[in-house]
Amino acid sequence: MTQPTPDPDAPGPDAAQPIDLLSFDEALAELQRVVGELEAGGMPLERSIALYERGVALHERCARLLSDAELRIKQLVSRAGGALEALDVTPDDAREAE
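From a predicted model like this one, the values you see are computed outputs, not experimental measurements.

Enquirer: Help me out: how do you make sense of the nonpolar core in this one?
Expert: Soluble globular proteins: nonpolar side chains tend toward being buried together. I19, L22, A27, L31, V34, M43, L51, L58 and C62 form the largest nonpolar core, which has nine residues in total. When residues of this core are traced back to their parent elements, those giving at least two are helix 1 (24-40) and helix 2 (45-79). When near neighbours in sequence (up to four residues on either side) are disregarded, C62 contacts F24, A27 and L28.

Enquirer: Can you help me understand the side chain of R47 in this one?
Expert: Mapping R47 onto the fold places it in helix 2. A polar contact of 2.8 Å, which involves the side chain of R47, links it to the side chain of E37.

Enquirer: Just checking my understanding: could you explain the pattern of salt bridges for this structure?
Expert: It is possible for side chains of opposite charge to pair when their charged atoms get near one another. As enumerated under the stated definition, the model contains six salt bridges in all. With its nearest N and O atoms 2.5 Å apart, the salt bridge here joins R54 to E30. Of this pair, R54 sits in helix 2 while E30 sits in helix 1, and the two are 24 residues apart along the sequence. Each of the two residues, R54 as well as E30, counts as buried. The salt bridge involving E37 is made with R47; its shortest N-O contact spans 2.8 Å. Of this pair, E37 sits in helix 1 while R47 sits in helix 2, placing them 10 residues apart in sequence. Taking relative accessible area as the criterion, R47 reaches 12% and is therefore assigned buried. Because the salt bridges share partners, they merge into one network encompassing E30, R33, E37, R47 and R54.

Parameters and conventions
Residues numbered from 1 in each chain as written. Predicted model: local features only at pLDDT ≥ 70, side-chain atom pairs only at ≥ 80, totals over all residues. Heavy atoms only, no water. Core = buried A, V, L, I, M, F, W, Y, C linked by side-chain atoms within 4.5 Å. Buried < 20%, exposed > 50% of the residue type's maximum accessible area, 1.4 Å probe, protein only. Helix = DSSP H or I, 4+ residues; strand = E, 2+ residues; numbered from the N terminus. Contact = heavy atoms within 4.5 Å. Polar contact = N/O pair within 3.5 Å; in protein donor to acceptor, adjacent residues only side chain to side chain. Salt bridge = Lys/Arg side-chain N within 4 Å of Asp/Glu carboxyl O.

Have a look at this one:
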């Protein structure tokens with residue numbers, strides 16, 4: 001018996017997993033896979049659009065999880081009695097400090 005040839009236009013196995021259930025690492029890994037697939041090109045327009053839409057949703061998920069993590073860290077520092085100070089640092093400022 002031969003195995004059926006996978007359809008290159010079919011969504012990958014990760015596409016079936018709801019984005020809201022992905023951990024940060026899972027969402028980031030899938031986002032990197034999606035970006036790589038889009039950069040490779042050579043696929044039908046509809047597949048490219050579907051991948052792009054999923055990539056945007058994955059990016060939003062990663063950003064939301066990072067924002068939540070930052071808030072949790074700030075709350076932990078605040079509860080520990082640490083003084084919290086936000087600094088705006090540009091890449092040029094970081095280089096000057098070296």
